[in-house]
Amino acid sequence: MSRLVAVLGPTNTGKTHFAVERMLGHSSGIIGLPLRLLAREIYDRIVALKGARATALVTGEEKIVPPHPQYWVATVEAMPLDRDYAFLAVDEIQLCADAERGHVFTDRLLHARGREETMVMGADTIRPLLKRLVPRCEIISRPRFSRLTWSGARKLSRLPPRSAVVGFSAERVYAIAEFLRRQRGGAAVVLGALSPRTRNAQVAMFQSGEVDFLVATDAIGMGLNMDVDHVAFADRVKFDGRAHRRLEAVEIGQIAGRAGRHMNEGSFGVTAELEEFEPELIERIENHRFPELTRLAWRNAALEFGSVGALQRSLEARPVLPGLVRMREAEDQAALRELGREAEIAALAVSPDRVRLLWEVCRIPDFRKTMFEAHLRLLGRIYRHLAGPEEKLPADWVADQIQRLDRVEGDVDTLVARLAHVRSWTYISHRPGWIADARHWQEQARAVEDRLSDALHARLAQRFVDRHAARLGRGAGAEESLAFVDHGGNLIVAESVIGRVEGFRLAVDAAHAGPDSRRLRAAAMPAVRAELAMRVAALENEDDDEFLLEPDGAVRWREAVVARLEAGPTILRPGLKPIGDEALDSAQRERVRVRLAAWIGRRIENVLAPLVRLAAAELPGGARGVAFRLAEAGGTIRRGDLHPPRPERKALQVLGAVLGDADIFLPALLKPRRRDFLGLLWTIKHGGVRPTIPAAAQRVARETGAAEGVYAAMGFRGAGAVLFRLDLLQRLAIAAARFAQGGPVMATAQLAAAAGWRAEDLAVGLATLGYRPRQTQFGISYAKPRRSRTHAAPAGDTPFGALRALIDRKA
């Protein structure tokens, strides 16, 4: 039986270094690390010792595998466990308790083993659960090499050199870095979203002494080794992907422990605006005493691929071992749930191999962390290609996706977003069998990532490193020279936050809206105009997926409303009005309008493709008039006495139009996403209230203030207080004509069954179709008034033509 060892202790105890040394003492081995950045760092270290031919690197986005490597470095999720290793190690094993990734670490703890030795390294907080879950595990404790002491609160302007300042959002990190640029000469920046290439370049500036400060998220808290003497916390609350919460003591200790490497003493504290830590918390951090873990995250690894439902049920299985708890629904599981509901996906995922493929697609990480819907659309498209006849991703589509990202212009946020997106394609290109000539696309994606990484490093250095910043603005007033907009949008004048730039508008805080507001605004205007100029340029270079259309017609970008749809020439051509104050000049407004108009135009062409195709089609005679009226009305018009000749009807039907008993409409527009979009565009054009209609609704109650026209555009007609979906009305029309045989029809249970309607709705439905009630000795019957025979349609040439002709003849 192989040796199983746990090396436990606080930060700066050399656990990872010890594990690497142990691995290199074996004939072969693999080490799993928690971060791609750290994996690359350890890989480079082993290559320097053993050479590139002996060393492999495997992460979700990068694979460097020589023909016969001895030693493997991987992220924990990417560890190739189908091989035999003499030595196997997993770092930061306390992450078994992490709500998002913990199940992977737990699986490695319970099942991954080296032939001769297995080692896990991490915090002492996991000790009791290790003893319970793997009782034969030998535990080695390692003390910290140096002392860690509390130093209290300090202003950013008074921090000692070689300090790291920690914030918990990109916006906060950028704001601090901008302040340090103006006051202390600059700072390097480290975020989890940075590529290894950018991160290494930023760290090199700090390590070389080019800058004395580092500003980072908690990405520095795990394994990234730098010569930091002091760690200052600027925040104590972080967003964990679901909610904002206060940091736990062990998390603060992990980050604070980055101060004082090897034998050098380290200190930790807070910035002046943050409340000082409690004495009990300080004592825990200094003495490395934290609450023990009580449970570890777990997810079933024995998955069933017989069907999508079976896979979902196996993912929801509960653990049997004490101390384990089923993890909350992860992003991949949520993607499986949503894609499994799509009829087209469900029709493809009918065999175990196809279900397994769907699960592999769902596990593509959402590196962009923007809108889940956009990520879901990408996953759906990838699966349709892979499950299609070619069983590959089309080369021209992959090329287009990667080429769209190969642009180095734009600000920091734009480049970070592109880097995140290209990381997805790097990941996809490394999936076996998904792309023809995979090595070519891996090289293409890596080349784009490198170019973006270099551009991002240049932007970060340009923005956050300037040793002469304090002297900028000499000759202007003191307030103007110190006015700037930080990356979070805060407007700062003379070290005081006086407001925010939201989108393209300046909002001055109420506390600064008194007699001095005019002077403060005047002092701030140069900085605001400069900021707006950068934002306009960034918006012009933004990807379409970064814009969000709100239900009221507002256009949101980077969480701010920057424009609003307004009435245009037609429903399909709405106007667009940028929203900004006087600092946004007319030329900038036009640039914003042109960019967003192009986006909304493409959105209309995409979402409302059936109606756009119909409106643009070359149609004969009267069919062209019908198509024009459909486009003007939003996809639905009353049939009335419209009976185009047969060739014209055929032309309309080929484009998806149904010439129904009461309406002419496009069934493809009845899908909820298209229906709601049409309702918005109709109200933008004509005003009024857009009703709220549930996704699967077949009948709805009329809302006060909602016009008949908007209901028609959304695919509903009705008489009185109840409206019905058009395809259901057409089904009732066909059934009623069949039962009537040219005469009256009774609202019977048989008619309801034939039409698929509720019996209590028949009276309103027949009235909507134009049937008039009449009292007879047998009860109430419904008859259709005689129609004009002008331009009558020949029988049998449409799905409803025979019935229509029969009704006309009987009448």
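Above: the structure in question.
Reference entry: report on the structure contained in this document. Note that this is a predicted model, so its numbers are computed, not measured.

### Quick word on the packing of aromatic side chains
For step 1, the next point in the chain: Counted according to the given criterion, the structure contains 9 aromatic pairs.
For step 2, the next point in the chain: Taking the centre distance of 6.2 Å and the plane angle of 25° together, the rings of Phe 504 and Trp 557 count as stacked. Within this pair, whereas Phe 504 is found in the loop between strand E21 (496-502) and strand E22 (505-508), its partner Trp 557 is found in strand E24 (residues 554-557), the two being separated by 53 residues in sequence. Taken individually, Phe 504 and Trp 557 each receive the classification buried, so the pair is uniform in this respect.
For step 3, the next point in the chain: Feature note: the residues Trp 150, Phe 233, Phe 268 and Phe 277 constitute an aromatic cluster, connected by ring pairs.
For step 4, the next point in the chain: A cation over a ring is seen here: Arg 356 above Phe 305, with NZ or CZ 4.1 Å from the ring centre.

### Considering the packing of helix H19 (residues 586-607) against helix H20 (residues 609-616)
For step 1, the next point in the chain: Viewed as axis vectors pointing N to C, H19 and H20 meet at an angle of 95°, and their least axial separation amounts to 5 Å. The pairing of H19 with H20 is recorded here as roughly perpendicular in orientation. Here H19 contributes Ile 604, Glu 605, Asn 606 and Val 607 to the contact with H20, which in turn contributes Ala 609, Pro 610 and Val 612.
For step 2, the next point in the chain: Here the residues of the contact of H19 with H20 sort into 5 nonpolar, 1 polar and 1 charged.

### Details of the pairing of strand E3 (residues 55-58)
For step 1, the next point in the chain: Residue alternation in E3 divides its side chains into two sets, Thr 55 and Leu 57 and Ala 56 and Val 58, and both sets are buried.
For step 2, the next point in the chain: In this sheet, strand E5 (residues 71-75) lies alongside E3 in parallel orientation, the contact comprising 4 bridges. Bridging across to E5, Leu 57 finds its partner in Val 73.
For step 3, the next point in the chain: Where E3 folds back on strand E4 (residues 63-64), the antiparallel hairpin that results is connected by 4 residues.

### With respect to the packing of helix H5 (residues 170-184) against helix H16 (residues 438-464)
For step 1, the next point in the chain: It is the contact of H5 with H16, at a shortest axis distance of 8 Å, that shows an interaxial angle of 55°. Classed by the angle they form, the pair H5 and H16 counts as oblique. Packed against H5, whose contacting residues are Tyr 174, Ala 177, Glu 178 and Arg 181, the element H16 presents Leu 460, Gln 462, Arg 463 and Phe 464 at the interface.
For step 2, the next point in the chain: Grouping the amino acids of the contact of H5 with H16 by side-chain chemistry returns 4 nonpolar, 1 polar and 3 charged.

### Things to note about helix H14 (residues 395-405)
For step 1, the next point in the chain: Among all positions in H14, only Trp 397, Val 398, Ala 399, Gln 401, Ile 402 and Leu 405 are buried.
For step 2, the next point in the chain: The secondary structure elements touched by the buried residues of H14 are helix H13 (372-386), helix H15 (412-429) and H16.

### A short note on the layout of surface pockets
For step 1, the next point in the chain: Within this model, the second largest pocket holds a volume of roughly 2,200 Å³.
For step 2, the next point in the chain: Around the second largest pocket, the lining comprises 45 residues; the ones closest to its centre are Glu 373, Arg 377, Asn 606, Val 607 and Arg 673.
For step 3, the next point in the chain: Mapped by element, the contributors of at least two residues to the lining of the second largest pocket are helix H11 (343-348), H13, H14, strand E23 (547-549), H19 and helix H23 (672-686).
For step 4, the next point in the chain: The biggest single contributor to the lining of the second largest pocket is H13, with 7 residues.

What counts and what doesn't
- Residues numbered from 1 in each chain as written.
- Predicted model: local features only at pLDDT ≥ 70, side-chain atom pairs only at ≥ 80, totals over all residues.
- Heavy atoms only, no water.
- Phe/Tyr/Trp six-rings, centres within 6.5 Å; stacked < 30°, edge-to-face > 60°.
- Helix = DSSP H or I, 4+ residues; strand = E, 2+ residues; numbered from the N terminus.
- Buried < 20%, exposed > 50% of the residue type's maximum accessible area, 1.4 Å probe, protein only.
- Lys NZ or Arg CZ within 6 Å of the ring centre and 35° of its normal.
- Axes fitted to C-alpha atoms, helices over the stretch in contact; angles between N-to-C directions.
- Parallel < 35°, antiparallel > 145°, perpendicular 65-115°, else oblique.
- Contact = heavy atoms within 4.5 Å.
- Nonpolar A, V, L, I, M, F, W, Y, C, P; charged D, E, K, R; others polar.
- Pairing = 2+ DSSP bridges.
- 1 Å grid on protein atoms, 1.4 Å probe; cavity = no way out; pocket = protein on both sides within 12 Å on 5 of 7 lines; lining within 4 Å.
- Points joined across faces, edges and corners; volume = space filled by probe spheres on them.

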